[in-house]
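Okay, here's what each chain looks like letter by letter:
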Number of protein chains: 2
Amino acid sequence: MPRGNCRGQGWWHGKFQGCGYRLTAGREAILDILSKSEGHLSAEDIYIKVHSKYPNVGLTTIYRTLDVLSNLGMVSKLDFGDRRARYELAEGPKGERHHHHLVCTNCNKVVDYTDFIDEEVELLQETEKGLGAKYNFKITNHIIQFYGLCDKCSGKK
Amino acid sequence: MPRGNCRGQGWWHGKFQGCGYRLTAGREAILDILSKSEGHLSAEDIYIKVHSKYPNVGLTTIYRTLDVLSNLGMVSKLDFGDRRARYELAEGPKGERHHHHLVCTNCNKVVDYTDFIDEEVELLQETEKGLGAKYNFKITNHIIQFYGLCDKCSGKK
DNA sequence: CTCCTTAATGGAAATGGTTTCCATTAACAA
DNA sequence: TTGTTAATGGAAACCATTTCCATTAAGGAG
Ligand SMILES: [Mn+2]
Ligand SMILES: [Mn+2]
Ligand SMILES: [Zn+2]
Ligand SMILES: [Zn+2]
């Protein structure tokens with residue numbers, strides 16, 4: 001049962017089975033939806049989409065699968081302060097999708113940003129290395145979110 | 001009703017009343033506990049501590065007050081993935097407490113770190129400025145968390 | 001200091017996202 | 001094809017947080 005840390009290798013059919021997970025219809029459906037969707041989907045959002053195509057996939061499986069995918073590092077679980085978890089595909093084979101978030105604390109609008117990241121990434125890598133060494137942590141990922149008021153909401157005073 | 005953005009001025013007796021909030025025993029009790037405690041307390045943690053000293057403060061008030069304090073920027077609401085919010089005093093008058101977090105995804109251990117922050121802060125300020133300008137956001141704060149395995153948990157393979 | 005408006009409170013009940021349970025199904029290795 | 005056991009789905013449980021509402025008490029006006 002090689003169920004441990006299976007991050008950072010090939011891509012998903014292989015990645016999945018290579019980690020000892022079975023490749024089921026439900027799991028494929030979820031990955032499929034996730035890769036075709038933009039934005040930050042809740043478990044129920046995903047359930048609805050998946051369910052319309054594969055009516056015999058239950059909500060429980062959505063949660064379980066998202067949990068697996070998240071542990072595998074294939075999906076990021078996000079918290080924007082509305083009281084439900086949100087998910088997005090973490091990265092494709094080449095890390096295309098990695099980005100950070102800008103969240104409006106008033107209307108919950110969320111902006112993905114990928115610019116400004118270059119210097120960030122550099123610093124983050126150093127920081128990760130430094131922190132990892134100092135605190136003996138094996139760091140696998142990070143979350144960076146900026147909070148504030150979007151243009152619309154800051155107008156309202 | 002000057003109930004809007006009341007961040008970043010004096011310190012709390014004044015800050016509170018200056019924003020149109022009434023200064024109640026419950027609120028003082030909560031701030032008192034928070035300033036005397038280390039670590040990342042859940043609403044219930046706080047409730048228990050407050051309640052032992054002021055038995056007539058209800059859990060609902062804890063939640064309401066934490067929400068107010070959080071909106072005022074006096075308290076940070078944190079999410080470490082166990083399914084309850086955690087709170088800590090955001091900063092004293094001089095910003096002493098500001099720090100970021102290192103979270104073990106296995107045992108939920110959380111490390112506060114304040115070193116490595118200097119360069120971070122610099123970059124963050126630039127990033128905040130840049131993002132604010134580009135997306136017309138009025139950024140008020142940020143969250144940075146690194147996730148990984150702590151020394152103990154990475155040993156277990 | 002007293003009155004008055006209305007913010008704040010607390011306790012109980014409701015909410016709702018997520019997890020748990022368990023009997024059933026199906027991946028996939030042999 | 002068969003056997004082992006991971007995966008599933010539906011219903012029920014969970015439980016942190018919110019909502020409701022009748023009651024209390026800040027704190028400004030006078
Ligand atoms: Mn995103
Ligand atoms: Mn902390
Ligand atoms: Zn907004
Ligand atoms: Zn750990």
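Note that the structure is a prediction, hence the values are computed from the model and not measured.

Visitor: What is the right way to look at the overall build of chain A in this model?
Guide: Looking only at helices and strands, one finds 6 helices and 6 strands in chain A. Tracing chain A from N to C terminus, the helices and strands come up as α-α-β-α-α-β-β-β-β-α-β-α. A separation of at least 24 residues holds for 47% of the contacts in chain A among residues at least 6 apart in sequence. As displayed, chain A has an accessible area near 8900 Å², and 47% of this comes from carbon and sulfur atoms.

Visitor: I'm lost on the relation of the copies chain A and chain B in this one. Help?
Guide: Note on the copies: chain A fits chain B at an RMSD of 0.1 Å, the axial shift is 0.0 Å, and the rotation between them is 180°. The operation mapping one copy onto its partner corresponds to a two-fold rotation axis. Residue A:I144, judged by its C-alpha, is the member of chain A lying nearest the rotation axis, at 2.3 Å. The fraction of interface residues of chain A whose copies in chain B are also interface residues reaches 100%, indicating that both copies meet through the same surface.

Visitor: Sorry, what's going on with the interface of chain A and chain B here?
Guide: Think of interface size as the accessible area that goes away when the parts come together; that is how it is often given. At the junction of the two partners, chain A supplies 38 residues and chain B supplies 38 residues. Roughly 3400 Å² of surface becomes buried between chain A and chain B when both sides are summed, with 69% attributable to carbon and sulfur atoms. Per-residue buried area on chain A facing chain B is highest for A:F137, A:F146 and A:Y147; these three make up 20% of the total on that side. Summed over the shared surface of chain A and chain B, the result is 10 residue pairs in polar contact (both at pLDDT 80 or more). Elements represented by at least two residues in the side of chain A that touches chain B include exactly β4 (100–104), β5 (110–113), α5 (117–135), β6 (138–149) and α6 (151–155) of chain A. A per-element tally of the side of chain A that touches chain B places β6(A) first, with 12 residues. In the side of chain A that touches chain B, the residues fall into 18 nonpolar, 10 polar and 10 charged. Bridge analysis of β6(A) against strand β6 (residues 138–149) of chain B gives 11 bridges, and the strand direction is antiparallel.

Visitor: Sorry if this is basic, but what is going on with the coordination of the manganese ion (ligand 1) here?
Guide: By definition of the ideal shapes, four donors in a tetrahedron about a metal sit 109.5 degrees apart, and six donors in an octahedron sit 90 or 180 degrees apart. All names here are of chain A. Looking at the metal site, the manganese ion (ligand 1) is ligated by H40 (NE2), E88 (OE), H99 (NE2), H101 (NE2) and D112 (OD), spaced 2.1 to 2.6 Å from it. The sequence pattern describing where the donors of the manganese ion (ligand 1) fall on their chain is H-x47-E-x10-H-x1-H-x10-D. Linking E88 in strand β3 (residues 86–89) with D112 in strand β5, this pair joins segments that are 24 residues apart in sequence.

Visitor: I keep staring at the protein's contact with DNA strand D and nothing clicks. Help me out?
Guide: As a structural note, the neighbourhood of DNA strand D is formed by 20 residues, with A:N56, A:T61, A:R83, B:L23 and B:Y63 the closest of them. Among the atoms of DNA strand D lying within 4 Å of the protein, the sugar-phosphate backbone contributes 70%. Between DNA strand D and B:R84 there is a distance of 3.3 Å, counted from a phosphate oxygen to a side-chain nitrogen or oxygen. Broken down by secondary-structure element, the contributors of at least two residues to the surface near DNA strand D are α4 (59–72) of chain A together with α4 (59–72) of chain B. The greatest single-element share of the surface near DNA strand D, amounting to 3 residues, is contributed by α4(A). Tallied by class, residues from the surface near DNA strand D come to 5 nonpolar, 7 polar and 8 charged.

Visitor: Help me understand the sheet that holds β6(A), please; the structure alone is not making it clear to me.
Guide: Sheet strands line up and pair through hydrogen bonds in the backbone, either parallel or antiparallel. Spatially, β5(A)-β4(A)-β6(A)-β6(B)-β4(B)-β5(B) is the arrangement adopted by the 6 strands of the open sheet, whose pairing is mixed. At either margin of the open sheet sits one strand with a lone partner, and together these are β5 of chain A together with β5 (110–113) of chain B. On average, adjacent strands in this sheet sit at an angle of 25° to one another, irrespective of strand direction. Summarising the sheet, β4(A) and β5(A) pair through 4 bridges and their orientation is antiparallel. Along β5(A), the bridge assignment pairs A:H101 with A:D112.

Visitor: What's the story with a negative patch on the surface in this structure? I'm lost.
Guide: There is a patch of like negative charges on the surface, built from A:D118, A:E119, A:E122, A:E126, B:D118, B:E119, B:E122 and B:E126. Sorting the residues of the negative patch by element identifies α5 of chain A together with α5 (117–135) of chain B as the ones contributing at least two each. Considering the arrangement of structural elements, one finds B:E126 in helix α5.

Each value, and the rule that gives it
- Residues numbered from 1 in each chain as written.
- Chains lettered and ligands numbered in written order.
- Predicted model: local features only at pLDDT ≥ 70, side-chain atom pairs only at ≥ 80, totals over all residues.
- Heavy atoms only, no water.
- Helix = DSSP H or I, 4+ residues; strand = E, 2+ residues; numbered from the N terminus.
- Contact = heavy atoms within 4.5 Å.
- Areas by Shrake-Rupley, 256 points an atom, 1.4 Å probe, with all protein chains shown as cover.
- Least-squares fit on C-alpha atoms with pLDDT ≥ 70 in both.
- Buried area = accessible area lost by both parts, 1.4 Å probe.
- Polar contact = N/O pair within 3.5 Å; in protein donor to acceptor, adjacent residues only side chain to side chain.
- Nonpolar A, V, L, I, M, F, W, Y, C, P; charged D, E, K, R; others polar.
- Pairing = 2+ DSSP bridges.
- Donors = N, O, S within 2.8 Å, 3.2 Å for Na, K, Ca; no water.
- Near = heavy atom within 4 Å.
- Axes fitted to C-alpha atoms, helices over the stretch in contact; angles between N-to-C directions.
- Patch = residues over 30% accessible without salt bridge, like charges linked within 9 Å, V, L, I, M, F, W, Y side chains within 5 Å.
- Salt bridge = Lys/Arg side-chain N within 4 Å of Asp/Glu carboxyl O.
- Lys, Arg positive; Asp, Glu negative; His and termini not counted.
- Charge placed at Lys NZ, Arg CZ, Asp CG, Glu CD.

Honestly, that's just the spatial picture; any functional story needs more than this.
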